[in-house]
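Observations on the model geometry
Below, each chain spelled out in residue letters.
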Amino acid sequence: MSDWFEKIIEKIQSISAKIDSYKEDTVIQSLPSVAYVNRAKKCLEEGRLKDALDILTEAESLPQEDALVYKYEGIVYDKLFRFVDSVKAYKKSANLNRNDKTIWKFLGFALLNTGIYDEAVEAFENADKLTPAHSEVLTGWGMALMKQKKDAEAREKFVEASKANKYNLNALFLAAVMEIKLKMYDDAEGKLQFLAHVAPNEGNSYEYAKLMFLKNNYDDALFYADKALDFNKNMLPAYLLKGEIYRLRYDEENSLANYKKAEELSLIAPNLFIEWAFSLIRFEKYNEAHERIHKAEELDSNNEEVKLIKAYLDTVSGKIEGCREIFENAIPVNETKSFALTGLGLVYCVQEDYTEGIHCFKSALQADLPDSVNYYYIAKAYMHLGDSSNAREYFENAIKENPKRIKTYTDYAKFLISENEIAEASRKLRKSLKYAKNNLEILNMLFFTGYILVMENICEYNIKETLEIEKKIKNIDENGFKYPDKSAELAEMLNKLHEKEKN
C-alpha cells in the first residue's frame, strides 16, 4: 500500500478518533465522580486537554470506579494522539460498562491506530451488536479487516457503511479501493465516477487514474493523474503513475520528466528511485539506473525491488552470480513477474542455455505489463540456436511492438546481412532513420548495405546515393565514417562510368 494511502487511512482514523459526541452522555448524578467528569467535559470543550486529563486522573482516586472517567480519559488521549494510553483507558471503561453504545467504537479506532487489528475487529463486532448498521462502526470494521488483508470482507463492510449513510463518502471511497484490489473494476468505476463529480479531491482522482491505468485506458489515467496533481502538486504516487504510463508507451522524455519533477519537489522516497530505475532500464540507460537504485538502497537497503533491479543490472553486464535466486523469488509477485522472468531469461542466455532463456522470455510476455524487449531477446536467442525463421519472426514482432528501439533495427539488419538479405536490411535501416536520423551506426551500416547493393547492380544513381550517405556522416562527425576504402572504390567506379559516357 502506498505511503499516500496510509496517510489517507490515518486521516480517516484521526477524524474518527476526534470524538465530540461526549455531550450526549447522561451521567448518573448520584455518583461522586460526576462533578469531575463534568469539569473535564468543560475543559474538553475549551480545548484544555492537559487540565481535562489532570481532573480525570484525580477522579481515579475515588472509591467507586466510574466507566465514564476512563472513557473520557481515552477521548483526551485520542486528541493527544497517545493511542496506546487511549486503548488502556477504553478497555477499563468497557470492562466497567460493556453496554455503553459508543465505547466499543472508540476502542476499535484506538486499536486501529496502534496496529492491533485482530482486537480492533472484535471491538467493532461488539459495537455492531449494540448499534447495528452504524455507518462509522462499519467503516472502522472494514478498515481493520483491510489491514488484515481480508479484502473481500473489508469491501463488504464498506459497502454496508455507505448504504447505512449515503453521505459517508470515506466508506464509498474505501469500497472502491477494495474493489480495485479484488479486480471488480466495473463496480469500482461506478463509485469513483460518482466521487469524482460529487466530491473531487486528490484521493478520488488518483484512485480513478489508477483504475483507468489497470483497464489500459492510459489517456484517461493521465487526465485524472493530472487532476490529482491539480489538487496536490506534491502527490508522489501521481507522478509515479504518469512515469509508468509514459514508460509503457516508450515515451522516454515524458516518463523521466515526471520522476525529475518529483525529485525537484523533494518528494524523496525509495519508490521514487525504484520506479525511476525501472524506466531507465526500459530505455536501456543502465548507468543512470545504477545511480538511481543506489539512492533507493541508501533509503531502504532491505527493499526487495532494490535487490531485484540490482540483480538485473548485474545480469545485463554479465555478472550473474546470485542473480538467479533473486529472480526466482520475485517471479510469484505480480508487480515484478515480467521483469523477473526477463532477468532469469538473461541469466540462462549468459549461461548459453538459449532454450530455457526463450521459455522465460515468452513467459514474461504473458505476464502483466510485459516489456516488448522480450521479443528482441527471443530473436537473439533463436539466432544463437540457428533458427533463422523464428529469429526473423521475433525481430519483426519487436519492431512492431516498439518501433523506436534503435538496437532492434541494427541487430536485425546485421542478422539480415548475415542471411545475405541485403536489400531487406537496407529497408529496415532506412525505416529506423525516422527515429534516429543522425545515428552514426545506422548511417554507416546503410552505407555498407548500399555498397553491397552497388556491387550487385552497378549504376550511377546507386553509387551517388551511397556516397551521399558518406557526406551526411562526415557532416555529423568528420571522423565518424568507417569505410573509406569502400568509398574510394565507389568513387573510382563512378569516374569510370563518367569516362565511359564521354567515349
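Residues numbered from 1 in each chain as written. Predicted model: local features only at pLDDT ≥ 70, side-chain atom pairs only at ≥ 80, totals over all residues. Heavy atoms only, no water.

On to the overall build of the chain. Counting secondary structure elements, the chain contains 28 helices and 0 strands. For a compact globule of 503 residues, the expected C-alpha radius of gyration is about 23 Å, and the chain comes in at 33 Å, more than 25% above that figure. In terms of principal-axis extent, the alpha carbons of the chain reach across some 130 × 40 × 40 Å. Here the contacts in the chain between residues at least 6 apart in sequence split such that 53% fall between residues at least 24 apart. Per element, the accessible surface of the chain, about 24,900 Å² overall, is 46% carbon and sulfur. When the 70 basic and 84 acidic side-chain charges of the chain are each reduced to a single mean position, those positions are 3 Å apart. (Helix = DSSP H or I, 4+ residues; strand = E, 2+ residues; numbered from the N terminus. Rg over C-alpha atoms; globule rule 2.2 N^0.38 Å. Contact = heavy atoms within 4.5 Å. Areas by Shrake-Rupley, 256 points an atom, 1.4 Å probe, with all protein chains shown as cover. Lys, Arg positive; Asp, Glu negative; His and termini not counted. Charge placed at Lys NZ, Arg CZ, Asp CG, Glu CD.)

Glancing now at helix α10 (residues 169–181). Taking 1.5 Å of rise per residue, 13 residues should cover 18 Å, and α10 covers 19 Å from first to last C-alpha, within 8% of that figure. α10 sits mainly inside the fold: 10 of its 13 residues count as buried. Inspection of α10 places A171, L172, F173, L174, A175, A176, V177, M178, E179 and I180 among the buried residues, and these make up the whole buried set. Positive phi appears at K183, one or two residues downstream of α10, with a value of about 60°. (Expected span 1.5 Å × (residues − 1). Buried < 20%, exposed > 50% of the residue type's maximum accessible area, 1.4 Å probe, protein only.)

Looking now at empty space enclosed by the protein. Evaluation of the coordinates by the stated rule reveals 3 cavities of 30 Å³ or more. For the largest cavity, the calculated volume is near 40 Å³. Lining the largest cavity we find A59, E60, L62, Q64, E65, D66, V69 and Y70. When grouped by side-chain class, the residues that make up the lining of the largest cavity number 4 nonpolar, 1 polar and 3 charged. (1 Å grid on protein atoms, 1.4 Å probe; cavity = no way out; pocket = protein on both sides within 12 Å on 5 of 7 lines; lining within 4 Å. Points joined across faces, edges and corners; volume = space filled by probe spheres on them. Nonpolar A, V, L, I, M, F, W, Y, C, P; charged D, E, K, R; others polar.)

A word on the confidence of the model for the chain. On average, residues of the chain score 92 in pLDDT, and 94% of them are at 70 or above. Looking across the chain, the model is least confident in helix α1 (residues 3–17), with a mean pLDDT of 54, and most confident in helix α15 (residues 252–264), with 98. In the predicted structure, residues 17–23 sits below a pLDDT of 50 and forms 16 contacts with residues beyond four places in sequence or in another chain. (pLDDT = per-residue confidence, 0-100.)

The next subject is the side chain of N402. Along the chain, the position of N402 falls in the loop between α23 (388–401) and α24 (406–418). Since its relative accessible area comes to 9%, N402 is described here as buried. Ignoring anything within four residues of it in the chain, the contact list for N402 reads Y250 and S372.

When you line up the elements, G74 lands in helix α4 (residues 67–79). Along the sequence, G74 and K88 sit 14 residues apart, while their C-alpha atoms lie 7.7 Å from each other. Sequence-distant contacts of G74, that is, excluding residues within four places in its chain, are made with S86, A89 and Y90.

Next up on the list: helix α11 (residues 185–198). Taking 1.5 Å per residue, 14 residues should reach 20 Å; α11 reaches 20 Å between its end C-alpha atoms and fits that length. Those residues of α11 lying buried are Y185, A188, E189, K191, L192, L195 and A196. Buried residues in α11 make contact with α9 (151–164), α10, α12 (202–214) and α13 (218–231).

Turning our eyes to something else, we now look at the packing of helix α19 (residues 323–330) against helix α20 (residues 337–350). A packed helix pair is summarised by two numbers, namely the angle formed by the two axes and the spacing between the axes. Direction vectors running N to C along α19 and α20 enclose 150°, while the axes themselves pass 8 Å from each other. By the angle between their axes, α19 is roughly antiparallel relative to α20. Helix-helix and strand crossings are classified by hand; for α19 and α20 the assignment is left-handed. Across from C323, R324, F327, E328 and A330 in α19, the residues of α20 making contact are K337, A340, G343, L344, V347 and Y348. For the contact of α19 with α20, the per-class residue count stands at 7 nonpolar, 1 polar and 3 charged. (Axes fitted to C-alpha atoms, helices over the stretch in contact; angles between N-to-C directions. Parallel < 35°, antiparallel > 145°, perpendicular 65-115°, else oblique. Left-handed = near helix turned anticlockwise from the far one by under 90°.)

Bringing the packing of aromatic side chains into the picture now. Under the counting rule described, the total for this entry stands at 22 aromatic pairs. Ring geometry for F109 against F124: centres 5.1 Å apart, planes inclined by 80°, an arrangement best described as edge-to-face. Placement of F109 in helix α6 (residues 103–114) and of F124 in helix α7 (residues 117–130) is noted, with a sequence separation of 15 residues between them. The pair formed by F109 and F124 is uniform in burial state, with each residue classed as buried. Geometrically, the ring pair formed by F395 and F415 is tilted, given 5.9 Å between the ring centres and 35° between the ring planes. Taken together, the residues F395 in helix α23 and F415 in helix α24 connect sequence positions 20 residues apart. (Phe/Tyr/Trp six-rings, centres within 6.5 Å; stacked < 30°, edge-to-face > 60°.)

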